[in-house]
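# A closer look at the structure
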Amino acid sequence: MTSSVRIASRMANLPPYLFAEIDRKKALKQAEGVDVISLGIGDPDMPTPQRIIDAMATAITDPKNHQYPAYAGSKPYRTACAEWMKRRFGVALDPDTEVLALIGSKEGIAHLFPAFIDPGDVTLVPGVGYPVYHTGGILIGGETHWMPMNDANDWLADFESTPADVLARAKMMFLSYPNNPSSAIAPVEYFDRAIAFAREHDILLVHDNAYSEIGFDGYRPSSLLERPGARDVAIELFSCSKAYNMTGWRVAFAAGNAEAIKALGTVKSNIDSGIFTAVQDAAIEAMLGPQDDTFEMSALYQRRRDLVMETLGSIGLSARTPKGTIYVWARIPEGYSSAEYAGLVLDRAGVIVAPGNAYGPNGEGYIRISLATPDDRLKEALQRIADTF
Ligand SMILES: *Cc1c(COP(=O)(O)O)cnc(C)c1O
């Protein structure tokens, strides 16, 4: 029987799934009995801190939390987000108009498109970055302009080179520092230039600060909202996911420009019904309780970073030493594509690494190595790679 189901044509514009070939090889390897180790995933391996689990356990027993949540987030949650921003960055926000709860920042990124992008409008997207900056636009008929991002410009997406005809149609621009996948950090002067650029061209600037709590060697990431004038043109996304090992809990928030927050909130109120209020209570504990656990996580990732950096040279890879995030972004030897090289690492060593081109056109020639891997597995993976390359 032929199906009468007709899928929207825009679905065909989504990029191919770049892990498909690796997944196929992984299944083959496992069938051969190989113990495959994945360094491909950006998901903290350590459990959520106990203080947060305890807060959840209490909150879940409260019948008030069993009903529909407030769309924008509970008042205590939004107030806690504002308090956290004040303590952490010295940024004062109005919890009623400048803060919006998100079911993870991924949800917020995707829903910014229906709020800001009409068919044919352009989003300025970093040459490597979180895939939804691109696919979120594709799904609603928007267009992507890739901002060049490479070693020569220190992985600071070059918005200034955007051609005038593209700029005329550009409505939104994403930046994200500390950066996934390149691990680059941005100097405040770069943020200031981005704010001036967004103002000059009437563009909403969205700063995705998913790694705000993970810094090494004494470095602590800053907030774009600390910069003068940011609130006129920008919103920033924060998430409990990487900061507090809470990827499975789905809790984040947007902060900044009140008009943009309102538009995003309007889209969301037509699509979702908010975050389970008990999870919001747990996130309040995450943000306002003792922060020792996040410092311990940074120290752990820093040790793992050092393990990776010590091994890289001996296997023909090179990388800048990351100051944050949970990734090492390594240049691969000449003569391979990212996908070929990742395939080779899996074939020879039984280790999965992420091919750089999965994150955008400027990722070709790189692989991403995740530090969210238990120490013993990470050590074994590095040993196997060192033995086989
Ligand atoms: C992990 C990640 C996200 C998604 O985070 P959630 O809050 O779990 O949805 C968004 N942006 C970047 C850059 C990420 O690495």
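What you are looking at is a predicted structure, and each value in this text was computed from that prediction instead of being measured. (Residues numbered from 1 in each chain as written. Predicted model: local features only at pLDDT ≥ 70, side-chain atom pairs only at ≥ 80, totals over all residues. Heavy atoms only, no water.)

This part covers the site of the ligand. For the ligand, the set of nearby residues contains 14 residues, the closest of which are Asp-208, Tyr-211, Ser-239, Ser-241 and Lys-242. Contact distances for the ligand include 2.6 Å between an oxygen atom and a side-chain N or O atom of Ser-239. Between the ligand and the protein, one listed contact pairs an oxygen atom with a side-chain N or O atom of Lys-242 at 3.1 Å. In isolation the ligand has 390 Å² of accessible area, and contact with the protein removes 94% of it. Where the shell around the ligand is concerned, the elements lending two or more residues are α4 (105-116) and α9 (240-243). Looking at the shell around the ligand residue by residue, the classes come out as four nonpolar, six polar and four charged. (Near = heavy atom within 4 Å. Polar contact = N/O pair within 3.5 Å; in protein donor to acceptor, adjacent residues only side chain to side chain. Areas by Shrake-Rupley, 256 points an atom, 1.4 Å probe, with all protein chains shown as cover. Helix = DSSP H or I, 4+ residues; strand = E, 2+ residues; numbered from the N terminus. Nonpolar A, V, L, I, M, F, W, Y, C, P; charged D, E, K, R; others polar.)

A few words now on the sheet that holds strand β13 (residues 366-370). Read from one edge to the other, the open sheet built from four strands follows the order β9-β10-β13-β12, with strand pairing classed as antiparallel. The outermost strands of the open sheet, each flanked by one partner alone, are β9 (318-319) and β12 (354-355). As paired strands, β12 and β13 are joined by two bridges and run antiparallel to one another. By the bridge assignment, Pro-355 is partnered in β13 with Ile-367. (Pairing = 2+ DSSP bridges.)

A few words on the nonpolar core. Within the largest apolar cluster, 66 residues are counted, with the highest numbers of intra-cluster contacts made by Met-173, Tyr-177 and Phe-253. Mapping this core onto the domain boundaries places at least three of its residues in each of domain 1 (10-47 + 292-388) and domain 2 (50-288). Discounting chain neighbours no more than four positions away, the residues touching Phe-253 are Tyr-77, Cys-81, Trp-84, Met-85, Val-99, Leu-100, Ala-101, Leu-102, Glu-236, Leu-237, Phe-238 and Met-287. Listed in part, the 36 residues of the second largest apolar core include Met-297, Tyr-301, Val-308 and Val-353. (Core = buried A, V, L, I, M, F, W, Y, C linked by side-chain atoms within 4.5 Å. Buried < 20%, exposed > 50% of the residue type's maximum accessible area, 1.4 Å probe, protein only. Domains from an automatic or database assignment. Contact = heavy atoms within 4.5 Å.)

Assigned domains within the protein chain: domain 1 (10-47 + 292-388) and domain 2 (50-288). Relative to domain 2, the C-alpha centre of domain 1 lies at a distance of 25 Å. For the pair domain 1 and domain 2, the summed buried surface comes to about 3,200 Å²; carbon and sulfur atoms form 58% of the total. Scanning the region where domain 1 abuts domain 2 turns up five salt bridges. Counting across the interface, domain 1 meets domain 2 through 19 residue pairs in polar contact (both at pLDDT 80 or more). Only α12 (292-312), β10 (327-331) and β13 provide two or more residues apiece to the side of domain 1 that touches domain 2. Tallying contributions element by element places α12 first for the side of domain 1 that touches domain 2, with eight residues. (Buried area = accessible area lost by both parts, 1.4 Å probe. Salt bridge = Lys/Arg side-chain N within 4 Å of Asp/Glu carboxyl O.)

Residues Val-5, Ile-7, Met-11 and Leu-139 make up a contiguous nonpolar surface patch of roughly 410 Å² in combined accessible area. By the secondary structure assignment, Met-11 is in the segment before α1 (20-31). Classification of Met-11 by relative accessible area gives partly exposed; the value is 42%. (Patch = residues over 30% accessible without salt bridge, like charges linked within 9 Å, V, L, I, M, F, W, Y side chains within 5 Å.)

Right, let's get into the packing of helix α13 (residues 338-349) against helix α14 (residues 375-388). The packing of two helices is summarised by the inter-axis angle and the distance between the axes. Two elements in contact, α13 and α14, have axes whose closest approach is 9 Å; the angle formed by their N-to-C orientations is 95°. One element, α13, and the other, α14, form an angle in the roughly perpendicular class. Contacts between α13 and α14 pair Val-345, Arg-348 and Ala-349 from the former with Arg-384, Ile-385 and Thr-388 from the latter. Along the lines of polarity and charge, the residues of the contact of α13 with α14 split into three nonpolar, one polar and two charged. (Axes fitted to C-alpha atoms, helices over the stretch in contact; angles between N-to-C directions. Parallel < 35°, antiparallel > 145°, perpendicular 65-115°, else oblique.)

Let us look at the environment of Ile-326. Here Ile-326 is to be found in the loop between β9 and β10. It is 36 Å that separates the C-alpha atoms of Ile-326 and Ser-9, two residues lying 317 residues apart in sequence. In contact with Ile-326, other than residues within four places in its own chain, are Gly-42, Asp-43, Tyr-211, Ile-214, Tyr-301, Ile-369, Ser-370, Leu-371 and Ala-372.

Structurally, the position occupied by Ser-183 is in the loop between β5 (170-175) and α7 (188-200). For Ser-183, a relative accessible area of 5% gives the class buried. Among the polar contacts made by the side chain of Ser-183, one reaches the main-chain carbonyl oxygen of Tyr-327 at a distance of 2.6 Å. Excluding its chain neighbours within four sequence positions, the residues that come into contact with Ser-183 are Pro-322, Gly-324, Thr-325, Tyr-327 and Val-328.

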